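One-letter residues, chain by chain:
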Amino acid sequence: MADATMWWVLAGVLVALELLTGTFYLLMLSLGAVAAALVAMAGHGLNTQLVAAAVVGGLGAVLLGQWRKRQTTTPQEAQDQHLDLGATVQVDAWDAQGTAQVKHRGAAWTAVLAPGQTADPGVYRIQAMAGNRLVLEKI
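In short, a report on the structure. Residue indices follow the written sequence of each chain, beginning from 1 at its first position. The predicted origin of the model limits local features to residues at a pLDDT of at least 70 and limits the giving and counting of side-chain atom pairs to 80 or more, whereas totals for whole chains, interfaces and linings rest on all residues. For the side-chain quantities, the full set of heavy atoms in the structure was used; hydrogens and water were omitted.

**A word on the overall build of the protein chain**
Working step 1: Every helix listed is a DSSP run of H or I at least four residues long, and every strand listed is a run of E at least two residues long, numbered separately from the N terminus. A count of helical and extended segments in the protein chain gives four helices and five strands.
Working step 2: Going from the N terminus to the C terminus, the protein chain shows its helices and strands as α-α-α-α-β-β-β-β-β.
Working step 3: In this treatment the radius of gyration is a C-alpha quantity, and the globule benchmark scales as 2.2 Å times the residue count to the 0.38 power. Taken against the 2.2 N^0.38 rule, which gives 14 Å for 139 residues, the C-alpha radius of gyration of the protein chain at 27 Å runs more than 25% over that of a compact globule.
Working step 4: The principal-axis extent of the C-alpha atoms belonging to the protein chain is close to 80 × 25 × 20 Å.
Working step 5: Here's how the labels work: a residue is buried when its accessible area is under 20% of the maximum for its type, exposed when over 50%, partly exposed in between, all with a 1.4 Å probe on protein chains only. Residues classed as buried in the protein chain amount to 30% of the 139 residues present.
Working step 6: Every residue pair with non-hydrogen atoms within 4.5 Å of one another is taken to be in contact. Intrachain contacts of the protein chain at a sequence separation of at least 6 include 43% that bridge at least 24 residues.
Working step 7: Areas reported here follow the Shrake-Rupley algorithm with a probe of radius 1.4 Å; residue values treat only the protein chains shown as occluding. In the structure as shown, the protein chain presents an accessible area of about 8,800 Å², 63% of it carried by carbon and sulfur atoms.

**Brief notes about the environment of Q71**
Working step 1: Looking at where Q71 falls in the secondary structure, it is placed in helix α3 (residues 46–71).
Working step 2: For the pair Q71 and G116, spaced 45 residues apart in sequence, the C-alpha separation works out to 34 Å.

**Regarding the sheet that holds strand β5 (residues 133–138)**
Working step 1: A sheet is described by the order of its strands in space; here five strands give the open sequence β1-β4-β5-β3-β2, paired in mixed fashion. Edge strands, defined here as strands with exactly one partner in the open sheet, are β1 (88–91) and β2 (99–104). Along the sheet, successive strands turn relative to each other by an average axial angle of 50°, direction set aside. Two strands make a pair as long as DSSP finds a minimum of two bridges between them. What counts as an axis is a line fitted to C-alpha atoms, over the stretch in contact for a helix, and the angles between N-to-C directions run from 0 to 180 degrees.

**Structural notes on the nonpolar core**
Working step 1: The criterion is simple. A nonpolar core is a set of buried Ala, Val, Leu, Ile, Met, Phe, Trp, Tyr and Cys residues joined through side-chain atoms within 4.5 Å. Listed in full, the 12 residues of the largest apolar core are V89, V91, W94, A100, V102, W109, A111, Y124, I126, M129, L134 and L136.
Working step 2: Taken together, the elements giving at least two residues each to this core come down to β1, β2, β3 (107–113), β4 (122–130) and β5.
Working step 3: Among the elements that take part in this core, β4 stands out by supplying three residues, more than any other.
Working step 4: Those residues in contact with Y124, other than ones at most four positions away along the chain, are A87, T88, V89, V91, W94, L113, T118, A119, L136, E137, K138 and I139.
Working step 5: One finds W7, A36, A37 and A40 within the second-largest nonpolar core, a separate group that totals eight residues.

And the structure:
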């Protein structure tokens, strides 16, 4: 079997495995195999093919990793973008577990106290979101 054919088969296997994982890193490695197949079709030796596969596949994986780091938001950034932060709600009563049911934007929400706050009825500000709970601080 010719070198180029082996590289094309490897590229196909990597793409098939990528479909199972969904990480895109195997896709970058398959691009390296495609580069090696093209180098083999150009008539270069095995060493040049390996270098082409390593450079293209490795560079693709590194660039993908850097791009993903820039695209992901930290939990704090996600909280900073939440539109409900700073809104006020009325708490009529707190239960024994330290939670309250409040109305916000026309829906019932479960609210919890922010650290250091006392469970008194009154007007509270939404300080943060903890899952689907509002974290409140007294105004």
